[in-house]
Amino acid sequence: MKLETVKTDITVVGGGLAGVCAAVAAARLGQTVALVNNRPVLGGNSSSEVRVWVCGATAHGTHRYARETGIMGEMFVENQYRNIDGNPYIWDLVVLETVRAERNISLFLNTDVHEVEAGGDEDERAIRSVTGWMMGSERRIRFESRMFLDCTGDGLVGFLAGAKYRIGREARHEYNEEWAPAAADDITLGSTLLFYTKDAGHPVKFVPPSFAKDIAKTTIPMKRVIRSGDNGCAYWWIEWGGELDTVHDNERIRDELWAVIYGIWDYIKNSGKFDAENMTLEWVGGIPGKREYRRFIGDYVLNQNDIIEQRPFEDRVAFGGWSIDLHPPQGMYSTESGSKHLHPDGNYHIPFRSLYSVNVSNMLMAGRDISASHVAFGTTRVMATCAVMGEAAGTGAALCVQKGVTPRELYRRHMKELQQIMLRQDASIIGLANEDPLDLARSARVTASSVLKRIAVDKPAEAVRMTADVGILFPVDPHLGRVELLIDADRATVIDVEVRDTGRPENYVPGSLQAKASAAVDKGEKQWVAFDLGWTPERPQNAFLIVKANESVRLHHSDDPLTGTLIFFKGSAPVVDPSLESHQPAQPVVQWRMNRKARRPFCFRVGPETRAYEADKAIDGYHRPYGAPHLWASEPMRAGREEWIELDWQREVEAAEIHITFNDDVNEDLINLHHHRTPFEIVPELVKDYRIEAWADGRWTVLHRERDNRRRKRVHVLPAPVRAGRMRVVVESTNGCPRAEIVEIRVYAERNVRN
Ligand SMILES: Cc1cc2nc3c(=O)[nH]c(=O)nc-3n(C[C@H](O)[C@H](O)[C@H](O)COP(=O)(O)OP(=O)(O)OC[C@H]3O[C@@H](n4cnc5c(N)ncnc54)[C@H](O)[C@@H]3O)c2cc1C
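This text gives an overview of the structure that appears in the document. (Residues numbered from 1 in each chain as written. Predicted model: local features only at pLDDT ≥ 70, side-chain atom pairs only at ≥ 80, totals over all residues. Heavy atoms only, no water.)

1. Here's the deal with the packing of helix H1 (residues 17-28) against helix H2 (residues 70-82)
Taken N-terminus to C-terminus, the directions of H1 and H2 make an angle of 115°; their axes are 9 Å apart at the nearest point. It follows that H1 is roughly perpendicular to H2 by the angle criterion. For the pair H1 and H2, the crossing hand works out as right-handed. On H2, the residues touching Leu17, Val20, Cys21, Val24, Ala25 and Arg28 of H1 are Ile71, Met72, Glu74 and Met75. (Axes fitted to C-alpha atoms, helices over the stretch in contact; angles between N-to-C directions. Helix = DSSP H or I, 4+ residues; strand = E, 2+ residues; numbered from the N terminus. Parallel < 35°, antiparallel > 145°, perpendicular 65-115°, else oblique. Left-handed = near helix turned anticlockwise from the far one by under 90°. Contact = heavy atoms within 4.5 Å.)

What follows is the structure, encoded as C-alpha cells:
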C-alpha cells in the first residue's frame, strides 16, 4: 500500500457533470485542481455506468433559446458532432477528453473519498484535507487544498466536515412553497436502474432469474408504460427507495430494482403481450442512479417561489429551466402519475449564495447537493443545470484562491468580477451583459460587409391547416409596421392576428396585447396576406404574433430557418403519456409548444426593415438571445463574396487575445444519449472557415486563419501582441447557414488564457 499526499489549489470530489465543470472552470483560470471520482468513468449519472440522458433548461424543447453555453455547452456541441446516435461510451469519451484537455487538472479515478480532516467551531469550520482510497491500486491519497468542492451528489465530504444539511422535504410554511407538504418529513426521490435492449436478429429466449418480480401482480403494467424496444431513460420510472434512506439502503434498493427490471423483461419476453421474440437484453445497470440525498445549507436556500417567479438574484451565476419535477414517494409502485411538473414561464436564476456552505468556510458545492429546498431541487437537479452550477462554483473557488478570500467574502466583495469572468468564459448568466473594462471591442465602432435587414421567410415547403392558434416570434427593432403571411384559403374568410409582448426578455410566451388586426382573404393558394400592426416598443424586444385558428386556412412551412424567429403551436397533444408525466395544460410554456419545428418556420414577412441584426450587436454585451437575437447577421452570402465584420478604434490598440462567439443556436435541444436525433452533426449557423485580419501599412494582414470550425466560442491567442487601429473577422463559409453570423467579439490587450 502507498500513502501519498497531493497538494493543489482546489480539490473537487465527485466527477459527475457538476464536478467536471467545476474542475475545468477552475483549471482554465490557472488554478491547479485535483478531480477525484470514485468510479472509473466520469459523468456520474450521465456516464455509461448509469446512462441518464443529460437534460437542462431546454426541458426537451419546452423552453426556447435555453440551451446551456460554457463548458456544458461545449460538451453538448462536441457530443453532437462525435456521437449523433447517443452512444453512451462515446459520451464518456467526450467528458473524459474535456477534462484531459486541461493541464492544470490531476484526475484521480477509482478513488473513493471517505475521510475528511476539518476543524473549527460548529459555525465556522474549515476543511484541511480529504483522503481517498484508489481502488485496484492500493493507494491511500490525502488531498490538501485551500478550497474544496463537494460535487459527490450524496454530499459525503460536507457531511464529514460538519456542514449543515437537510434530507427530505421541508414543511410548506418554511419557504411558503405551494408544492411542499404540510409537515416536514424525510421523503426523497427514489433511485433507478436502467437497461438497454436490442434486436438480436433471431429468436432469443429469456429464463428469468429466481429473484425476478412477477410484475403482473403489481400495479406497474396498469400504471406505467412498458414497450418492447424501449431503452434506458424511457424507463426512468423504475424508481424506488424514496421512503427509505437512499444511501444507507442503497444495496437493498438495487436488489429491488433488479428484481423489477428482470420482472419487466420477463413480462415483455414471456407474457405473449409483446412482439419481442428476437429481443434481448444488451445492458443492465448495476449502480443505482441516485436522485436525492443531502442538500447543504448555504447562505441562501433556493425555493419554489424563486423558480416560478424567476427571481433575478443580483448574485445569479447560473440558470435552469427544467420543470419542478417531483415523483411520488412510492416510485414505481405508486398508482399516481410517475411525475408531476410545474414550469416557470422561462429560465430561472440560481444565486451564488446557494453554492457555498453556510458554516464550512472553504467549501463550495454544485450538483444535486446545493442549497435548495426539496421542491426547488425538483428542477435544479437535472444535469446540464448541475453542470452550469459546477462551472459557477469552480470559477468562484478559483477566485477565492486567487484573492485569498472565502466564498462568502467573494459574494460580498467581488460578485461582479465573478459574473464578468463567467461571461468572458462563455457561461450564461441570463440578462447580464458584458461590462468587462478590459475588453477593447466594446469601445470600437463596428461595421460589416452587409447586414440582414429584412425579416422574411418566403420559400414555401408544405402547408398545414390552421386547426389551432399558432405563434410566430420575431424581433422588433425599433418598429413593427406590417406582417404578411403566406396563406392558402379554401374559401373567402377573415383571418385574425394579434401581437403580444413576451413579458420578460428571457421568456417566449405571449404577454400583454400590443396590437391586433384582421384581413379578408379570397379563396386561393399562396397569397401574401398583409396585416397592419403598429407597435413601437419602449426598447427593442421580441413580438409574439398569434394567428388565430381558422379551419379554412393553411399556412406554409419553410425549410429555411431564420435566426431570431420561432414558431409555436397552441394546445397540441401532450408529447408523453399522462401516466408518466402530469403537466398543467394552462401553463403558457406547456400550451405553446415548438413541436420540434423551430427550424421549419412559417412563411412570413415583416416590415419595415429591422436593426435587430446590425453589426454593433456583436459588441452589445449579450452573448445569447435575450429579448432579441443579439448577434450580427449578414445578408445571404453569395458565391465569391466574403462577409466581414470590422472593429475600428480610430486609434491604435494592442491586441493579444481575440474571442469570437459564433451562433450555435441555443434553441436547438441537443442531448447526449438517444432521446432524439438532430439532423445535423454541426450546428449550421456556426461559421466554418474564417480569418482574423488587422489593418496595417495600408492593407489587411492575416493574423489567424481557421478551417473547419465547429465550436461556438473560439479564443485566439496571437503569437505576439499586434498594434492596429482596425481589425476584422472575415467569414469565408458556414456549416450550412446562408448567412454569416457572429454573436460576440472581444479583444484583449493581455492574455486571459492561463493553461
Ligand atoms: C434514473 C434517474 C433519472 C434522472 N433523469 C434525469 C434526466 O432525464 N436528465 C437529467 O439531466 N437528470 C436526471 N436525473 C438527475 C441527475 O442525474 C442528477 O441529479 C445528477 O446526476 C446530479 O449530478 P451530480 O454531478 O451532482 O451528481 P452525480 O451525477 O451523482 O455524480 C456524482 C459523482 O461523484 C462520485 N462520488 C460520489 N461520492 C464520492 C466519493 N465519496 N468520492 C469520490 N467520488 C464520489 C460519483 O461516483 C459520481 O461520479 C435523473 C437521476 C436519476 C437517478
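2. Digging into the sheet that holds strand E4 (residues 105-108)
Read across the open sheet, the five strands follow the order E4-E3-E2-E8-E19; overall the sheet is parallel. The open sheet is flanked by E4 and strand E19 (363-365), the only strands paired with a single partner. Each strand of the sheet is rotated relative to its neighbour by a mean of 20°, with strand direction disregarded. In the sheet, strand E2 (residues 10-13) pairs with strand E8 (residues 147-150) via four bridges, with the strands oriented parallel. Counted as the bridge partner of Ile10 is Met147 from E8. (Pairing = 2+ DSSP bridges.)

3. Some points on the side chain of Asn83
By the element assignment, Asn83 lies in the loop between H2 and helix H3 (88-100). Leaving out residues up to four positions away in the same chain, Asn83 has contacts with Ile90, Trp91 and Asn672.

4. Quick notes on the site of the ligand
Neighbouring residues of the ligand: 32 residues in total, closest Asn37, Asn38, Trp53, Arg381 and Met383. Between the ligand and Ala18, the relevant distance is 3.4 Å, taken from an oxygen atom to a main-chain nitrogen or oxygen of the residue. Within the backbone of Trp53, a nitrogen or oxygen atom sits 2.7 Å from a nitrogen atom of the ligand. In isolation the ligand has 990 Å² of accessible area, and contact with the protein removes 94% of it. Counting residues per element, the ones that place at least two in the shell around the ligand are H1, strand E5 (111-121) and helix H10 (383-403). When residues in the shell around the ligand are grouped by element, the largest group, three residues, is from E5. Class assignment for the residues of the shell around the ligand results in 14 nonpolar, 12 polar and six charged. (Near = heavy atom within 4 Å. Polar contact = N/O pair within 3.5 Å; in protein donor to acceptor, adjacent residues only side chain to side chain. Areas by Shrake-Rupley, 256 points an atom, 1.4 Å probe, with all protein chains shown as cover. Nonpolar A, V, L, I, M, F, W, Y, C, P; charged D, E, K, R; others polar.)

5. Let's talk about the packing of aromatic side chains
This model, assessed by the stated rule, comprises 18 aromatic pairs. Residues Phe108 and Phe143 carry aromatic rings whose centres are separated by 4.9 Å and whose planes lie at 80° to one another, so their mutual orientation is edge-to-face. Of the two residues, Phe108 is situated in strand E4 and Phe143 in strand E7 (residues 139-144); the sequence distance between them amounts to 35 residues. Phe143 gets classed as buried once you look at its relative accessible area, which sits at 0%. Each member of the aromatic cluster is reached from another via a ring pair, and the members are Phe195, Tyr235, Trp237 and Trp265. Looking at Arg51, its charged tip hangs above the ring of Tyr196, at a distance of 4.5 Å from the centre. The positively charged end of Lys597 is found above the aromatic ring belonging to Phe569, 5.8 Å away from the centroid. (Phe/Tyr/Trp six-rings, centres within 6.5 Å; stacked < 30°, edge-to-face > 60°. Buried < 20%, exposed > 50% of the residue type's maximum accessible area, 1.4 Å probe, protein only. Lys NZ or Arg CZ within 6 Å of the ring centre and 35° of its normal.)

6. Quick look at the side chain of Thr218
Here Thr218 shows up in the loop between strand E11 (195-199) and helix H6 (220-223). Note on Thr218: relative accessible area 17%, which makes it buried. One polar contact links the side chain of Thr218 to the main-chain amide nitrogen of Ile220, over a distance of 3.1 Å.

7. Focus on the nonpolar core
Of all hydrophobic cores here, the largest spans 115 residues; its most connected members are Ile10, Met72, Met75, Trp237, Ile238, Ile264 and Phe352. By residue number, the principal contributor to this core is H10, which donates 13 residues. Discounting chain neighbours no more than four positions away, the residues touching Phe352 are Asp315, Val317, Leu364, Ala392, Gly396, Pro407, Leu410, Tyr411, Met415 and Leu418. In terms of nonpolar packing, the next biggest core, distinct from the first, is built from 40 residues, Val457, Ala515, Tyr613 and Val743 among them. (Core = buried A, V, L, I, M, F, W, Y, C linked by side-chain atoms within 4.5 Å.)

8. Things to note about the pairing of strand E24 (residues 480-489)
With nine of 10 residues buried, E24 is to be regarded as a mostly interior element. Pairing of E24 with strand E27 (residues 524-535) involves eight bridges; the strand directions are antiparallel. For Ile487, the partnering residue across the bridge sits in E27 and is Gln527. As paired elements, E24 and strand E32 (residues 604-607) share four bridges and run antiparallel to each other. Counted as the bridge partner of Val483 is Val606 from E32. Where E24 lies against strand E29 (residues 550-558), three bridges are found, and the strand directions are antiparallel. Within E29, the residue paired with Asp488 across the bridge is Arg554.

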